[in-house]
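In case you want the letters, here they are:
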Amino acid sequence: MEAAVSKSRKFVIRDWLMSYIFLLPAFGFFLVFVAYPMLRGIYISFFDYSLRNFDFIGFDNYVSLFHNETFLKSMRNTILLVVIAVPIVIVFSIFVAVNIYKMKEFSRSFFRGVFYLPAVSSVVSITVVWGWIYHPNYGILNYLTGMLGFEPISWLGDTRTALLAIIAVLITTSVGQPIILYVASLGNIPTSYIEAAEIDRATPWQIFLKIVWPMLMPTNLYVIVITTINTFQCFALIQLLTSGGPVYSTSTVMYGVYEQAFLLGHFGLASAMGILLAIVIGIISTIQFKYFGSDVEY
Amino acid sequence: MRAMKKGLMTVVGVALVGSQLVACSNNANQSTPAATPDASKPAATQAAAKPAEITWWNFPNFQTLDGEVGKYEKQIIAAFNQKHPEIKVNLEMITFDGGPQKLNVAIASNTAPDVIYDAPGRIIDWGKKKLLAPLNDIVTSEVKNDIAPAFWKQSMVGDQIVMYPLNTGPFMMAVNKTVFEKIGALDLLPLSRPDRTWTVAEYEKALQAVKEKAPEIIPTGFFAKSTAGDQGTRAYLANMGVSRFLSEDNSKVAINTDNAGKALDWVVKATKDKISVAGAASLAAADVNDLFLQGKLAFTLNYSPVLKAQNVSNKKVQFEDVLLPFPTLDGSKPKLEPFLGGLAIFNNGNADKIAASKKFIDFVVNDPEWGKKNVIQTGGLSARTSVTGLYNDPEYKYADLARQFITDPPTIADGYAEIRTFWFPELQRALTGGATGKEALDAFAAKANEAITKAKAQVAK
C-alpha cells in the first residue's frame, strides 16, 4: 500500500516537473521580452534619460506630462479615437456577422474572407493605399466627390477631417477579426432558443436583443477589450498618414511615445507616457470586465 | 512538493530582481557616455598598424552604382583595405527615414557605430553631448585653411572638430524649365541674370503664367507634414520675408517678423488661389519633390546640386530641372542654407577603433584618388575651397557661383532638434486657417526660444 502511494506521488511529481519544463521556454521569453522591458520601462520613467543623461528625477516626468499641452491633446485624441471607433467596430461587426451567418456556406466563406483580408494584410501597405485614396491632389476620394460637384478636400490636412479620416481607416483594419469571432459565436447559440422565440412570435429585433446579444456576451467582452487596447495602441496609421498633424489633431499617446523616444531621444519621458497609457488601458479594461463579464455558457 | 514550488518561486523572484540589478549596473555605464581613457591623445598615432574592426553606418549619401545601395561604399572599403588591410570595415546602410531613430536607439544602448557620414544638424548635437571623438589631430593646417570658416562653424563644438567636412552645396529651389519653354514664358525666369536672383513679384508672375497656360501643372509647392526637408520651408519664408530663421548668434528666433508673417500669409493665399499645391499641411517634402519629378509641379522648394544629381534616375518624365535661388521680397540677395556633409566618429571608448576610424575617414576625404571621386559620387561640391571644376555642367557652375549666397544655418543652434519639432505644427496652423502667418510665427518663436534657453542651460552643465 505504502509502495503504491509512493509510486503515485512519484508520478505526480514527475508530471508536475514535466509541466514546468515545458512551460520554461515560454516563461523565459515572457521574462526577457515582456516582464523585463516592462519593469525597465517603469524604472526608466523616473529618470531624465536622454542620449547623454541618466539622472534620477523621481516623478518629474509624470508631473511634466500633466502640464504638457501636446500630451494632453494626444490623450484626448486617443480617448476620442477609442470612444468613436470601438462602438462602430462592434456594431458594424455584429451587423455584418449576423448577415453573413444567414448566408449559404459558399457566400459565408467568401464574405468572411473579404472582411478578414485587411486583418491579415500588412497595416503599412493598407495605410499607404489609404494615403493615396486621401491624397489631396490625385486621390480617388476627391475624384469621386469631385464627380458629385464638391471641391477637393485635404482629408488629412484639415483639422476638421483628419481624425475622422484616421478613424475610417482604423475601422476598416479592425473589423476583420471581430466579424470572424461573431460568426463563430453565432453558430454556438442553440437554435432551439431562437425556434422557441419564433413560435412565441418574437420579432427579429426582440430575438436579437433578448437571446442573441446576451448569448454573445463572452465574445463581446473579448472583442471590446481587444479592440479598445488595439485602438489605444494605434501607431502605424498615425505615423504614416499624418505624423500626428495637422496641429497635433491626430497625435495619439503612442505616437507621442515614439516621437519623444526615437525622434528626440527623451527615453525617460517616453517611458512615463507609456506607463500612463498602460494605467489608463488597465483601468478601462477593468471597467469593461466588470460591466461586460458574464458567466454565459453554451 | 510545496517546498519545490516555493523553491521555484524563489528562483523566479531572484531572476526578476536580478534583471533589475543588471539594469542598474548597465545604467552606470550609460550615465558616462563611453569611457575615454586615451581619446584626448592623438589616436591616429596610438595604434600604428593594429588590427581593428570598425563599423560604418551610412545614409545613402553617395549615388548608387547600378541601382545597388551600398555598392559604391563597398568599393571605397575595398580601396581602403588595399592600403590598410589590418582594418576591417563593416558597412551598414541606413535610410534617411528610419536612420535617425535607429541612431538614437543605438547611442542610448551603447551600440553606436564607429563611423557615421551625416550632416551637422545631428552631428553637432552629438558633439555637444560629448558622444564624438575629436578629429583635430587628423585635420592638417592646410586643410583647415582651405575650408571656409562658415563650414568649420558647423563642424566644431568649441575648439574641437567633431565632423570632417567632405561635400557641400547651397540648398535652393528648382524649376521645370521644359514647362516654361513649352508655354513660351522662359523670359519670366531669371535665367538670363548671371546670379539668377529675383523678386517675389517676378516669381508670382511666373506662377500665374503656369496656372493660365499649363492648367494641368501645379505652379508651386509647399509642405508641412513633418520635419523632413524643413530647410526648404524655412528658406522660402525667410527669403520671401527678407529675414533670418534664427538670430546671427543663434540665441533666439528671428523669423517672426511682419514680412515673414506676410510671406506665410502669401503661401496660404497661393494655396487657396491654386498656384500652390493643395493639402500642403498633409504633404511631406518627399511628396512635393515626387510631384516635381513626375513633371506635375513647375517649382519645388527643396533642391540642391546633390539632390539634382540623385534625382536623375527618379524622374518619371524627362525634363530639364534648373536650380534657382529663393525669391526675395525686395530683390535683395538671397540667403541660402548650405548643405554640408561630413564624417564623424562615435567615441565608443576603444582607442584602437577610434584610431582605425580616423584612418578610414582620412582616406575617404583626403586620398589623392578617392577624395575627389567621393565628392563627385555625392553629386555635391567639395567643402575645400581649392577643389573646384569637378563637373563640366552649367548647373554646377551656377551652384559654385551661388556659394556667395550661403548663410550660416540654424542647425548648429542649441536645442535645434527640439526647435524644428515646433516649426511644422505652426505652419500647419497657418495653412489650416487656425492662425495668421504672424501669429503662427510668434507662437513658434515663443516655444523655440524656450527650447534654446533650456538647451543652453544643459550644454553649460
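A. Region of the structure containing the overall build of chain B. The helix and strand tally for chain B stands at 18 helices and 11 strands. Among the 461 residues that make up chain B, the fraction classed as buried is 56%. Expressed as a percentage of contacts within chain B between residues at least 6 apart in sequence, the contacts between residues at least 24 apart total 76%.

B. Representation of the sheet that holds strand β3 (residues 115-118) of chain B. Residues and elements named next belong to chain B. A sheet is described by the order of its strands in space; here 6 strands give the open sequence β2-β1-β3-β10-β6-β11, paired in mixed fashion. Of all strands in the sheet, those with a lone pairing partner are β2 (87-93) and β11 (381-382), marking the two edges. Judged from the 3 bridges that link them, strand β1 (residues 52-58) and β3 form a sheet pairing that is parallel. Bridge pairing in β3 places tryptophan 57 opposite isoleucine 116. Where helix α3 (residues 71-83) meets the sheet, it contacts β1 and β2, and its direction lies at approximately 175° from that of β2.

C. Broad picture of the sheet that holds strand β8 (residues 299-303) of chain B. Residues and elements named next belong to chain B. Sheet architecture is open: 3 strands sit in the order β8-β7-β9, paired in antiparallel fashion. Single-partner strands in this sheet number two, and they are β8 and β9 (321-324). Sheet twist, expressed as the average angle between the axes of neighbouring strands with direction ignored, equals 35°. Note that strand β7 (residues 172-176) and β9 share 4 bridges and pair antiparallel. Across the sheet, residue asparagine 176 finds its bridge partner in β9, namely aspartate 321. Contacting β7, β8 and β9, helix α12 (residues 285-293) runs over the sheet at an angle of about 130° to β8. Packed on one face of the sheet, helix α16 (residues 394-401) meets β7 and β9 and runs near 10° to β9.

The rules behind the values
- For every chain, the first residue of its written sequence is number 1, and the numbers climb from 1 along that sequence.
- Starting at A for chains and at 1 for ligands, labels are handed out in the order in which the entities are written.
- Confidence filtering applies because this is a predicted model: local features only for residues at pLDDT of at least 70, side-chain atom pairs given and counted only at 80 or more, and all residues used for totals across whole chains, interfaces and linings.
- With hydrogens and water excluded, all non-hydrogen atoms of the structure serve as input to the side-chain values.
- Strands are runs of DSSP state E lasting at least two residues, helices are runs of H or I lasting at least four, and both sets are numbered from the N terminus onward.
- Accessibility here uses a 1.4 Å probe with only protein chains present; expressed as a share of the type maximum, an area under 20% marks a residue as buried, one over 50% as exposed, and anything in between as partly exposed.
- We call two residues in contact whenever any of their non-hydrogen atoms come within 4.5 Å of each other.
- For two strands to count as paired, DSSP must find a minimum of two bridges between them.
- Every axis corresponds to a line fitted to the C-alpha atoms, with the helix fit spanning only the stretch in contact, and the corresponding angles, defined between N-to-C directions, vary from 0 to 180 degrees.

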